[in-house]
Amino acid sequence: METKLQLHGFNNLTKSLSFNIYDICYAQTEEQREAYIDYIDEMYNAERLTQILTDVVKIIGANVLNIARQDYEPHGASVTMLIAEHELSDGEPDNEESPGPLPDAIVAHLDKSHVTVHTYPESHPHDGVSTFRADIDVSTCGLISPLKVLNYLIHSFDSDVVTVDYRVRGFTRDVDGTKHYIDHDINSIQNYLTEDTQNAYQMIDVNVYQENMFHTKMMLKNFKLDNYVFGVNADDLDPNEAQSIEDRLRREMLEIFYSRNVE
């Protein structure tokens, strides 16, 4: 908004960010698949996820009220944080449609309501493709948009495919009684990503502006097979086998990106 809204009472808008990342890997043997899942479980266990969410809370300036976390058997982990809001201590909320900080430049702004993360390691015994998914939800009440955490989250995970949903719900009233259904300008989620992130991913938007609903899909552009095979060196593979593996991995990425099975 060009001018600051003079509100009647509390800002009742709820801003919800749903962020899903997919990390794709090729693990040929049963032992390699088990090793990959064990690696993911260790890399993104409840303790590490708690630290990531703690940094997310710092970015949106929240106060943590309660943390519930769990490592599951045989695989996966979840963390939920309840967080509380207070008035700004100094300065104004940063709702500008621009990228948020990277992991090494975290700043604080305000307080909000809750953040959650759940992980889903998965593998298939027939074609060797394993996919790790992390679902993160950041829900805020009031002034600050959770979109500022996107850059940090993308850089905190090995993100091959990313889907982002953002929605502003409810309304708040100004002093004249007029209802406002959004309190900041936004044309695209992409505008909250740094230039290097935008250049690294193929991206498409599906937005419903009149409903304040925004959706962006992202797929990593550069493909280097050695980054995707687990337990072997890509240079040691037979060229025909390497091409077959690459085709399967690219197909997996495309199917997730377009939400369609490729025949």
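Located above this text is the structure these notes cover.
Quantities reported herein were computed from a predicted structural model and do not represent experimental measurements. (Residues numbered from 1 in each chain as written. Predicted model: local features only at pLDDT ≥ 70, side-chain atom pairs only at ≥ 80, totals over all residues. Heavy atoms only, no water.)

Would you mind going over the nonpolar core with me for this structure?
Proteins that are soluble and globular tend to have nonpolar side chains buried together. Core analysis: the biggest nonpolar cluster contains 48 residues, and Phe19, Leu153 and Phe157 have the highest contact counts within it. When residues of this core are assigned to their parent elements, the largest contribution, eight residues, is made by helix H2 (residues 46–60). When residues no more than four places from it in sequence are discounted, the contact partners of Phe19 are Ala134, Asp135, Ile136, Leu150, Leu153, Ile154, Val162, Thr163 and Val164. Counting 18 residues, the second-largest nonpolar core is a separate cluster that includes Tyr22, Tyr26, Met219 and Leu249. (Core = buried A, V, L, I, M, F, W, Y, C linked by side-chain atoms within 4.5 Å. Buried < 20%, exposed > 50% of the residue type's maximum accessible area, 1.4 Å probe, protein only. Helix = DSSP H or I, 4+ residues; strand = E, 2+ residues; numbered from the N terminus. Contact = heavy atoms within 4.5 Å.)

Could you clarify how one ought to interpret the sheet that holds strand E10 (residues 213–220) in this entry?
Within a sheet, each strand pairs with its neighbour through backbone hydrogen bonds, oriented either parallel or antiparallel. Strand order across the open sheet formed by eight strands is E2-E3-E4-E5-E1-E6-E10-E9, with antiparallel pairing between neighbours. On the outer flanks of this sheet lie strand E2 (63–71) and strand E9 (201–205), each paired with one strand and no other. The average angle at which neighbouring strand axes cross in this sheet is 10°, direction not considered. Relative to strand E6 (residues 161–169), strand E1 (residues 14–26) runs antiparallel, the two sharing nine bridges. In the strand pairing of E6, Lys15 is matched with Val168. Each of E2, strand E3 (77–84), strand E4 (114–123) and strand E5 (129–141) is contacted by H2, which is oriented at about 25° to E3, the strand it contacts most. (Pairing = 2+ DSSP bridges. Axes fitted to C-alpha atoms, helices over the stretch in contact; angles between N-to-C directions.)

Can you help me understand the packing of aromatic side chains in this one?
For any pair of aromatic rings, geometry is given as the distance between the ring centres together with the angle between the planes. For the coordinates displayed, the defined rule picks out nine aromatic pairs. When the ring of Tyr44 is compared with that of Phe157, the centres are 5.0 Å apart and the planes differ by 25°; the resulting orientation is stacked. One end of the pair, Tyr44, is in the loop between helix H1 (30–43) and H2; the other, Phe157, is in the loop between helix H3 (150–156) and E6, with 113 residues separating them in the sequence. Seen from their ring centres, Phe223 and Tyr228 are 4.5 Å apart, and the 5° between their planes marks the pair as stacked. One exposure class covers both Phe223 and Tyr228, and it is buried. (Phe/Tyr/Trp six-rings, centres within 6.5 Å; stacked < 30°, edge-to-face > 60°.)

It is not clear to me how the environment of Val56 should be interpreted in this structure. Could you clarify?
Within the secondary structure layout, Val56 lies in helix H2. Its relative accessible area of 0% is what places Val56 among the buried residues. Linking Val56 and Leu150, residues 94 residues apart in sequence, is a C-alpha distance of 9.1 Å. Those residues in contact with Val56, other than ones at most four positions away along the chain, are Val115, Val138, Val149, Tyr152 and Leu153.

Whenever I open this one, the pairing of E3 confuses me. Can you help?
Regular strands place their side chains on alternate faces of the sheet. Sheet topology note: the E2/E3 ladder contains eight bridges and is antiparallel. Paired with Ile67 across the bridge in E3 is Met81. Where E2 folds back onto E3 in an antiparallel hairpin, the turn is made up of five residues, including Gly76, whose phi is positive at roughly 95°. Relative to E4, E3 runs antiparallel, the two being bridged by five bridges. Across the sheet, the residue bridging to Leu82 is His114, located in E4.

Hey, could you run me through empty space enclosed by the protein in this one?
Where empty space is left can be seen by rolling a probe of water-molecule size over the atoms. Counted by the stated rule, this structure contains one cavity of 30 Å³ or more. In this structure, the largest cavity occupies an estimated 30 Å³ of space. Forming the walls of the largest cavity are Tyr26, Gln28, Gln32, Val229, Phe230, Val232, Leu237, Glu241 and Ile245. Grouping the constituent residues of the lining of the largest cavity by class yields six nonpolar, two polar and one charged. (1 Å grid on protein atoms, 1.4 Å probe; cavity = no way out; pocket = protein on both sides within 12 Å on 5 of 7 lines; lining within 4 Å. Points joined across faces, edges and corners; volume = space filled by probe spheres on them. Nonpolar A, V, L, I, M, F, W, Y, C, P; charged D, E, K, R; others polar.)

Looking at this model, I keep getting lost on the environment of Ile60. Mind explaining?
By the secondary structure assignment, Ile60 is in helix H2. For the pair Ile60 and Val138, spaced 78 residues apart in sequence, the C-alpha to C-alpha distance is 9.7 Å.

It is not clear to me how the layout of surface pockets should be interpreted in this structure. Could you clarify?
What the second largest pocket holds in volume is close to 270 Å³. As for the second largest pocket, its lining consists of 16 residues, of which Asp23, Ile24, Asp158, Asn227 and Tyr228 are closest to the centre. Put simply, the parts of the chain that give the lining of the second largest pocket at least two residues each are E1 and H1. Here the element with the most residues in the lining of the second largest pocket is E1; it accounts for three residues. The residue inventory of the lining of the second largest pocket, partitioned by class, reads nine nonpolar, two polar and five charged.

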